[in-house]
Amino acid sequence: GLTFTIHNSRFFYGSFITAAITFLMIALAVFFFIVKPVDAMRARRSGRDAEEAAPSDEERRHQELLAALRAA
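These remarks concern the structure in this document.

Reading the values: rules and limits
- Residues numbered from 1 in each chain as written.
- Predicted model: local features only at pLDDT ≥ 70, side-chain atom pairs only at ≥ 80, totals over all residues.
- Heavy atoms only, no water.
- Helix = DSSP H or I, 4+ residues; strand = E, 2+ residues; numbered from the N terminus.
- Buried < 20%, exposed > 50% of the residue type's maximum accessible area, 1.4 Å probe, protein only.
- Phe/Tyr/Trp six-rings, centres within 6.5 Å; stacked < 30°, edge-to-face > 60°.

### Topic: the environment of Ile17
Then comes step 1: Mapped onto the elements, Ile17 comes out in helix α1 (residues 13-53).
Then comes step 2: Note on Ile17: relative accessible area 39%, which makes it partly exposed.

### Description of the packing of aromatic side chains
Then comes step 1: Going through the model one piece at a time under the given rule, you end up with 3 aromatic pairs.
Then comes step 2: When the centroid spacing of 5.0 Å and the interplanar angle of 20° are considered together, the rings of Phe4 and Phe11 count as stacked.
Then comes step 3: Take Phe4: its relative accessible area is 37%, and that puts it in the partly exposed class.
Then comes step 4: Judged by relative accessible area, Phe11 falls into the partly exposed class, the value being 38%.
Then comes step 5: Judged by centre distance (5.1 Å) and plane angle (80°), the rings of Phe31 and Phe32 are edge-to-face.
Then comes step 6: When its relative accessible area of 47% is taken as the criterion, Phe32 is described as partly exposed.

Written as structure tokens, this is what we have:
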């Protein structure tokens with residue numbers, strides 16, 4: 001019911017505020033219930049591939065130490 005009038009024209013800004021709040025609520029719900037979980041799944045999947053392809057820092061250090069001991 002929030003309105004203002006300019007030259008006998010009524011503008012219903014209450015409806016606009018309601019629509020804007022509804023849009024923001026739906027956008028937040030989509031972000032937190034769809035976008036964030038999908039990003040987490042992608043990161044988890046790409047993290048597995050990266051772990052399999054490249055050894056961790058600690059494992060790499062162990063490999064270097066073993067190679068140095070074998071060379072000595």
